[in-house]
Amino acid sequence: MSLKSALANIHSEGQFGDYESKNENDVLKISEIKNLLIVQIVQYKNSIISIESIDIDGLKLKEEPLSVSNNNDTRILWNGPKNWLLVSNKKDLLTNILQNFKETDFAITDLSHSKAIIEIQGQEVKEVLKKGCPFNFNIVEKNKSINSTYNGIALTIDMIDDNPDKVRLFALRSFGESLYHSITDASLEFGYKSL
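Residues numbered from 1 in each chain as written. Predicted model: local features only at pLDDT ≥ 70, side-chain atom pairs only at ≥ 80, totals over all residues. Heavy atoms only, no water.

**Q** Is there a simple way to explain the packing of aromatic side chains in this structure?
**A** What the rule picks out here adds up to three aromatic pairs. Geometrically, the ring pair formed by Phe135 and Phe137 is edge-to-face, given 5.8 Å between the ring centres and 70° between the ring planes. (Phe/Tyr/Trp six-rings, centres within 6.5 Å; stacked < 30°, edge-to-face > 60°.)

**Q** Help me out: how do you make sense of the pairing of strand S6 (residues 83-88) in this one?
**A** With six of six residues buried, S6 lies mostly within the body of the structure. Here S6 shows no split at all, with Asn83, Leu85 and Val87 on one side and Trp84, Leu86 and Ser88 on the other all buried. Bridge count between strand S3 (residues 37-43) and S6: six bridges; the pairing is antiparallel. For Val42, the partnering residue across the bridge sits in S6 and is Asn83. Sheet topology note: the strand S5 (residues 74-80)/S6 ladder contains six bridges and is antiparallel. (Buried < 20%, exposed > 50% of the residue type's maximum accessible area, 1.4 Å probe, protein only. Helix = DSSP H or I, 4+ residues; strand = E, 2+ residues; numbered from the N terminus. Pairing = 2+ DSSP bridges.)

**Q** Looking at this model, I keep getting lost on helix H1 (residues 93-100). Mind explaining?
**A** Three- or four-residue spacings in an α-helix give side chains the same orientation, since the helix completes a turn every 3.6 residues. Three or more residues of H1 are buried, namely Leu93, Leu94 and Ile97. Around the axis of H1, the buried residues are gathered within 100° of arc, so they sit on the same side. (Arc of directions from axis to C-beta.)

**Q** In this structure, what is going on with the sheet that holds strand S7 (residues 106-110)? I would like to understand it.
**A** Strand pairing in a sheet relies on backbone hydrogen bonds. The paired strands run either parallel or antiparallel. The strand order S4-S5-S6-S3-S7 describes an open sheet built from five strands, whose pairing is antiparallel. Each edge of the open sheet is held by one strand with a lone partner, namely strand S4 (68-70) and S7. Each strand axis lies, on average, 20° off the axis of its neighbour in the sheet, ignoring direction. Contacts between H1 and the sheet are confined to S3, S5, S6 and S7, with S7 contributing the most and set at about 160° to the helix. (Axes fitted to C-alpha atoms, helices over the stretch in contact; angles between N-to-C directions. Contact = heavy atoms within 4.5 Å.)

**Q** Got a minute to help me understand unusual backbone geometry in this structure?
**A** The phi angle of most residues is negative, glycine excepted, and most peptide bonds adopt the trans form. The step from Asn163 to Pro164 runs through a cis peptide bond, and the omega angle for that step is -5°. For Pro164, the position within the fold is in the loop between strand S10 (153-162) and strand S11 (165-172). In the Ramachandran plot, Ser21 falls in the positive-phi region, its phi being about 60° despite a non-glycine side chain. By the element assignment, Ser21 lies in the loop between strand S1 (14-16) and strand S2 (28-32). In the Ramachandran plot, Asn35 falls in the positive-phi region, its phi being about 60° despite a non-glycine side chain. Take Asn35: it is sitting in the loop between S2 and S3.

**Q** I would appreciate a short explanation of the sheet that holds S2 in the present structure.
**A** In space, the seven strands of this open sheet follow the order S1-S12-S2-S8-S11-S10-S9, with mixed pairing throughout. Two strands bound the open sheet, and with one partner strand each, they are S1 and strand S9 (144-150). Each strand of the sheet is rotated relative to its neighbour by a mean of 25°, with strand direction disregarded. Here S2 pairs with strand S8 (residues 115-121) via four bridges, running antiparallel. Bridge pairing links Ile30 to Ile120 in S8.

**Q** Whenever I open this one, the pairing of S2 confuses me. Can you help?
**A** Residues in a regular strand point their side chains to alternate faces of the sheet. Summarising burial for S2: five of the five residues are buried, a large majority. What you see with S2 is no split at all: Leu28, Ile30 and Glu32 on one side and Lys29 and Ser31 on the other are buried throughout. With three bridges joining them, S2 and strand S12 (residues 192-194) adopt parallel strand pairing. For Lys29, the partnering residue across the bridge sits in S12 and is Lys193.

**Q** Just checking my understanding: could you explain the environment of Leu188 for this structure?
**A** Structurally, the position occupied by Leu188 is in the loop between helix H3 (176-187) and S12. For the pair Leu188 and Gln15, spaced 173 residues apart in sequence, the C-alpha to C-alpha distance is 9.8 Å. Non-local contacts of Leu188, meaning those with residues more than four positions away in its chain, are made with Phe16, Gly17 and Asp18.

Structure follows, in structure tokens:
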């Protein structure tokens, strides 16, 4: 049995919306991101282990709200108190995490196939997000993440870069198509290239 991407039925390449007579750098770029390791790490309330001693792929678990620890392959998003979302290109990290995190102190859940991931890049990314999300995106900067909703769909937004803006949107797989339609509809005004 082969895996099918969350957006396989609707994501198609091409240019859409008001893209004509615009410089390619002024058009949004929307793509589906696949084959990432996504792991939720939750420290139990009664755990006495210090997270300062924990190292995953050279990164620390931060307790600062909205923060992201990152390197070229891995990003660790603060998801809530004692709760993190690890996203990585390195699939073998899961084995390392399962070996180094005691089940008496942490709950480790592999969410790799339960999420739809949409990446948007361009100067108008924040304007697209403002159309469906109540968060104040004027304060969001590079390496910050938030949990919110977009047109009623719960999602995690990871700000990967801010020159130009580049975000990844993580939603439950079952809401992936609805989120994709909402995002692409909001992007038509600016024009977008689907990669």
